[in-house]
Amino acid sequence: GVSRRCVCVGAALRVCVCGATLRVCVSTMPVTSQLFRGFPRAKLWGSSLFPCQRQLPCCPTSHRPTSSQPHSIWPTAMPVRGYRRSPDLHSYNLTPPQVNSILKANEYSFKVPEFDGKNVSSVMGFDSNQLPANAPIEDRRSAATCLQTRGMLLGVFDGHAGCACAQALSERLFYYVAMSLMPHETLCELEAAVEAGRPLSPILQWHKHPNDYFTREAQTMYFNSLRTYWQELIDLSSPGESLGPREALLSAFKRLDSDLSLEAQVGDANSFLHYWVLRVAFSGATACVAHIDGSDLYVANTGDGRAVLGVQEEDGSFSAHTLSNDHNAQNENEVARIQGEHPPSEKKTVVRQDRLLGLLMPFRAFGDVKFKWSIDLQRGVLESGPDQLHDNEHTKFIPPNYHTPPYLTAEPEITHHRLRPQDRFLVLGTDGLWETLHRQEVVRIVGEYLTGVHQRQPLTVGGYHVTLGQMQGLLAERKARASLAFQDQNAATHLIRHAVGNNEFGAVDHETLSKMLSLPEELARMYRDDITIIITQFNPHVVGHQRQGGES
C-alpha cells in the first residue's frame, strides 16, 4: 500500500523489488551513517527538461568501438548497441562475486605501448570506471591519444537534466581540442583532403570501453561544424603558427559550446535530429579535461568536476595537490565573478540558496541554454521545434529573475603544472566521487593501491563507544582486509569500492557495499550521484629525464 515514490526520512529503509511492486518496510532502528548518506541535492531543481527520458535511449542509435586502434577522423558504420544498465537488484543480500560484477561492469584500463622494451611516455597508462546512480547514467568519460600533434587527452563529463549534453561532449570536445592544437600547415592539408574527397588521416586514437558510445545520426552535422571551425582556424593563422595548449583548450571549450547553441537554433530537417540537438542544448554538462604532453600537464575545468594530483612524499606517504577549482557557491571568487557580470540590482537574486538563479548548482557548464539565451530566443526556438516539445511545460519554464542573460558560461579555468618525479598519478573525477571521499583520502587509497604498500593509520572509532573486545574484533577485521586490499585489477574500481562501501571507520564493509549497490533506481540517486573516475599513472623516470632535458 506504499507509493513507489514514498520515501521515509529518519528511519532505516528495507527495500525489495518484486516485479513492478516496491515494498518499503520502515523500522525504528536509527539510520546508520554508512547506509543513509543523506539526500544529495540535484544539480538542477525540477524534473528533466524533456519528457519520457526513461522510455527513450539517452542518445540516438549508438555504436561502440571494436578496439583502441586509430579511427578515421569520424567513425564509420558499426554495429548498433543500446545502453547497458547495471544489473537489476532485488535484495540487499549480494554475494561478493555479485558486488564485484557490478563494480567492474564499466571498468577500463589502457597501458601505453613500449618501444624497444622501453616506455618513452610520461604516461604509463590509466584506469577508468563508472558507477551509475541515475538511470540511465548521466556521466560520460573520454580518453584519446592525439595522433597529428602530441599528448594524451582525458576527460570526465557530468550531465544534468539528462545525459544528452554530456554524451555530445564525450564525442566532440577532444576533436575540437585536437584541431586547436594543429599547426596551420596540417589544417590546410586536412582541408585539401576533404575538398579532393581523399581519406583523412586519423586525428585521435580513442581508448573506449564498449559502453562508451557515439551517436550515428548526428555524425554528419558534427563533422560539418568541426570543419567550419578548422576553416576559421586556417583563416586566423599564418604558416608556421599554432596555438599553445592553454589557448587551444580555451578556444575548443568556447567554440564547442557555441556550436551546441547554434545547432539548436538552426535545427535540422530530420525531426529526430532536430529533437536531439535541442535535447543537447537544453540539458547541460560540466567538463574536467587533462592534456598531458611530456612533463606538461594542463587541466581545463568547467563546473564542479575535479582534478587532483597524487604526490609521493619522501616518507612514502601521499599528499593531494588540487589542480582545479570547483565552480559553485562554495567558491567565493565564482560568486563574485557572477555578481560582477550583472547589475547591482540583481546581486541578491543571481545566486540564491547556493544556486545560480536559485536553480543550477554548477556556475559554469556546457549547454543549459535556458541560462544563456534571451527569453525571446528560447520561445522562438521551442515554437519552431518538434511536436514533442510543445506540450512540455519544463521547456517553457523561464528561470526566476531572468533579466540580463547570459548567466552561464562554458569558459574553462585552466591550470598548468610541470610534472615532477614525485607526481605519481592524477585523479579526474565527477562530483559524485568528491561528495563521498575527501581528496586526501582519495590520494591515500590510490597511492596505497598503486604502490602495494598499505600505510596503516591508527584505528579511530569516530566518537563511538566500543569495548575492548569490539576493538579487538575491529583490528582482526582490518588485518583480514589487508590481505584482500588489492583484489581489484583496476585502480578506479578500487576507489569506487571505497567511495561506496566505506563504513564509519573508513574501511570497506561488504554489508554496506551490498546495501548501497542493491538500492533500486528510484532510491539510488537519493543516496549518491553517478561516479566517474579516470586515474592516470605517470612514469617518474621518464618525467625526471624530460625535466632535465627541458632545463638544459
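Residues numbered from 1 in each chain as written. Predicted model: local features only at pLDDT ≥ 70, side-chain atom pairs only at ≥ 80, totals over all residues. Heavy atoms only, no water.

- Going by the annotation in an unreviewed UniProt entry, the name recorded for the chain is [Pyruvate dehydrogenase [acetyl-transferring]]-phosphatase 1, mitochondrial, with Oncorhynchus tshawytscha given as the source organism.
- Under the UniProt heading Function (unreviewed entry), the note attached to the chain is "Mitochondrial enzyme that catalyzes the dephosphorylation and concomitant reactivation of the alpha subunit of the E1 component of the pyruvate dehydrogenase complex (PDC), thereby stimulating the conversion of pyruvate into acetyl-CoA."
- In its Subunit (unreviewed entry) section, the UniProt record describing the chain reads: "Heterodimer of a catalytic (PDP1) and a regulatory (PDPR) subunit." (UniProt positions renumbered as here; feature names shortened; annotations may be inferred.)

## Focus: helix H5 (residues 245-266)
Move 1: Helix length check: H5 (22 residues) gives 31 Å between terminal C-alpha atoms against 32 Å at 1.5 Å per residue, within 8%.
Move 2: Of the residues making up H5, those classed as buried are Ala-248, Leu-249, Ala-252, Phe-253, Arg-255, Leu-256, Asp-257, Asp-259, Leu-260, Ser-261, Glu-263 and Ala-264.
Move 3: Positive backbone phi, at 75°, marks Gly-267, one or two positions downstream of H5. (Helix = DSSP H or I, 4+ residues; strand = E, 2+ residues; numbered from the N terminus. Expected span 1.5 Å × (residues − 1). Buried < 20%, exposed > 50% of the residue type's maximum accessible area, 1.4 Å probe, protein only.)

## A word on the environment of Ala-287
Move 1: Along the chain, Ala-287 turns up in strand E10 (residues 284-293).
Move 2: Relative accessible area serves as the criterion here: at 2%, Ala-287 is assigned to the buried category.
Move 3: Between the C-alpha atom of Ala-287 and that of Gly-159, which follows or precedes it by 128 residues, the distance is 9.0 Å.

## Section: unusual backbone geometry
Move 1: In this structure, the amide linkage connecting Ala-135 to the following residue, Pro-136, adopts the cis form with an omega of 0°.
Move 2: Within the secondary structure, Pro-136 is located in the loop between strand E5 (123-131) and strand E6 (139-146).
Move 3: The peptide bond linking Pro-405 to Pro-406 adopts the cis configuration, its omega dihedral lying at 5°.
Move 4: As for its position among the elements, Pro-406 is in the loop between helix H9 (393-396) and strand E17 (413-418).
Move 5: Here Asp-354, not a glycine, exhibits a phi torsion of approximately 65°, which is positive.
Move 6: Of note, the phi angle at Leu-357 is positive, near 55°, even though the residue is not glycine.
Move 7: Looking at the secondary structure, you find Leu-357 in the loop between strand E15 (355-356) and strand E16 (366-367).

## Here we look at the sheet that holds strand E12 (residues 306-312)
Move 1: The strand order across the open sheet built from six strands is E4-E5-E19-E18-E12-E13, with neighbouring strands paired in antiparallel fashion. With one partner strand each, in any of the chains shown, strand E4 (108-111) and strand E13 (318-322) form the two edges of the open sheet. With direction set aside, neighbouring strand axes in the sheet form an average angle of 20°.
Move 2: Relative to E13, E12 runs antiparallel, the two sharing five bridges. (Pairing = 2+ DSSP bridges. Axes fitted to C-alpha atoms, helices over the stretch in contact; angles between N-to-C directions.)

## A word on helix H14 (residues 510-517)
Move 1: Of all the residues in H14, the buried ones are Thr-512, Leu-513, Ser-514, Met-516 and Leu-517.
Move 2: Each element contacted by the buried residues of H14 is listed here: helix H1 (96-103), E5, helix H13 (491-501) and helix H15 (521-527).
Move 3: Taking the backbone nitrogen of Glu-511 as reference, a side-chain oxygen 3.3 Å away marks Asp-509 as the first, capping residue of H14. (Contact = heavy atoms within 4.5 Å. Polar contact = N/O pair within 3.5 Å; in protein donor to acceptor, adjacent residues only side chain to side chain.)

## Regarding the nonpolar core
Move 1: Counting 52 residues, the largest nonpolar core has Leu-173, Phe-174, Met-179, Leu-204 and Phe-366 as its most contacted members.
Move 2: Counting residues in hydrophobic clusters, the runner-up holds 33 residues, among them Ile-102, Val-442, Tyr-449 and Ala-491. (Core = buried A, V, L, I, M, F, W, Y, C linked by side-chain atoms within 4.5 Å.)

## Considerations on the packing of aromatic side chains
Move 1: Taken as a whole, this structure holds eleven aromatic pairs when the rule is applied.
Move 2: Ring centres of Phe-110 and Phe-126 lie 5.8 Å apart, and the angle between their planes is 40°; on these two criteria the pair is classed as tilted. Placement of Phe-110 in strand E4 and of Phe-126 in strand E5 is noted, with a sequence separation of 16 residues between them.
Move 3: Residue Phe-126 is classed as buried on the basis of its relative accessible area, which comes to 2%.
Move 4: Look at Tyr-176 and Tyr-229: their rings are 5.4 Å apart centre to centre, the planes differ by 20°, and that puts the pair in the stacked class. In this pair, Tyr-176 is assigned in helix H2 (residues 164-181) and Tyr-229 in helix H4 (residues 219-236), connecting sequence segments 53 residues apart.
Move 5: Residue classification places Tyr-229 among the buried residues on the basis of a relative accessible area of 3%.
Move 6: Across the ring face of Trp-206, the terminal group of Lys-208 is positioned such that the distance to the ring centre comes to 4.4 Å. (Phe/Tyr/Trp six-rings, centres within 6.5 Å; stacked < 30°, edge-to-face > 60°. Lys NZ or Arg CZ within 6 Å of the ring centre and 35° of its normal.)

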